[in-house]
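# Coordinate analysis (summary)
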Amino acid sequence: LAQGENGQARKQLENTLFRRAGDVQQLLLRLVQAELEDGDPQMAQKLADTTTEFVRLLGMHPYTGCVAQLMTALHRQDAQASVAQIRAMLNALQMPWKPGEGLLYAHSGAKNGGHVNMLAGVLKEMRESEEYAFLRENEEFMALLAEYTQDEYPHGLYSSSQRS
């Protein structure tokens, strides 16, 4: 390869790996969901564990691994495990993600990012979705929601102009 071509090839390879790793993450989450829907929670848990390890090994944002684990905990209606995964997931959402600083994507030009903009939607789902209903009796879950809601809405859930 001519000088500079190797660098461009490496960048292309890293970008391809990054895109495909994102695709595989989504496929793994869909497989976890399919196993839960088909009534095989043990296989779903193995897939969730695989997803978490995949995310770690490929330097992807840890949020996806937390989601996979949360899916199985919610399915079992395991309040303690669900709250632990929710805490990890909410923390992950606030972490800056710097894929370009990692081993696999150092030359890719991948932008730093995170999922902070997803926080409001995730909190809304937790407050309203039937899937989380069993947790609304759990003090730790409600305290966690209140903590993040306070951060999201420091002047209360709704401003005075939004109240009826």
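Residues numbered from 1 in each chain as written. Predicted model: local features only at pLDDT ≥ 70, side-chain atom pairs only at ≥ 80, totals over all residues. Heavy atoms only, no water.

Moving on, we get to helix α3 (residues 63–76). In this model, α3 (14 residues) spans 20 Å end to end at C-alpha, consistent with the 20 Å of a helix rising 1.5 Å per residue. The element α3 is extensively covered by neighbouring structure, given that twelve of its 14 residues are classed as buried. Three or more residues of α3 are buried, namely Tyr63, Thr64, Gly65, Cys66, Val67, Ala68, Gln69, Leu70, Met71, Thr72, Ala73 and Leu74. Tucked into the core, α3 has its buried residues touching α1 (5–37), α2 (41–57), α4 (79–94) and α5 (119–128). Of the residues trailing α3, Gln77 is marked for its positive phi of about 55 degrees. (Helix = DSSP H or I, 4+ residues; strand = E, 2+ residues; numbered from the N terminus. Expected span 1.5 Å × (residues − 1). Buried < 20%, exposed > 50% of the residue type's maximum accessible area, 1.4 Å probe, protein only. Contact = heavy atoms within 4.5 Å.)

The next subject is the pattern of salt bridges. Where charged atoms from two side chains of opposite charge approach closely, those side chains can pair. For the structure shown, the criterion picks out four salt bridges. The partner of Glu140 in a salt bridge is Arg87, with the nearest N and O atoms 3.4 Å apart. Placement of Glu140 in helix α6 (residues 139–152) and of Arg87 in helix α4 is noted, with a sequence separation of 53 residues between them. Its relative accessible area of 43% is what places Glu140 among the partly exposed residues. Of the residues examined, Arg87 reaches a relative accessible area of 30% and is grouped as partly exposed. Of the charged contacts, one joins Glu128 and Lys124 as a salt bridge, the two residues approaching to 3.1 Å between their closest N and O atoms. Note that Glu128 and Lys124 are positioned in helix α5 at a spacing of four residues, about one turn of the helix. Taking relative accessible area as the criterion, Glu128 reaches 52% and is therefore assigned exposed. By relative accessible area, which is 42% here, Lys124 ends up partly exposed. (Salt bridge = Lys/Arg side-chain N within 4 Å of Asp/Glu carboxyl O.)

The quantities given are spatial measurements derived from coordinates; they are silent on function.
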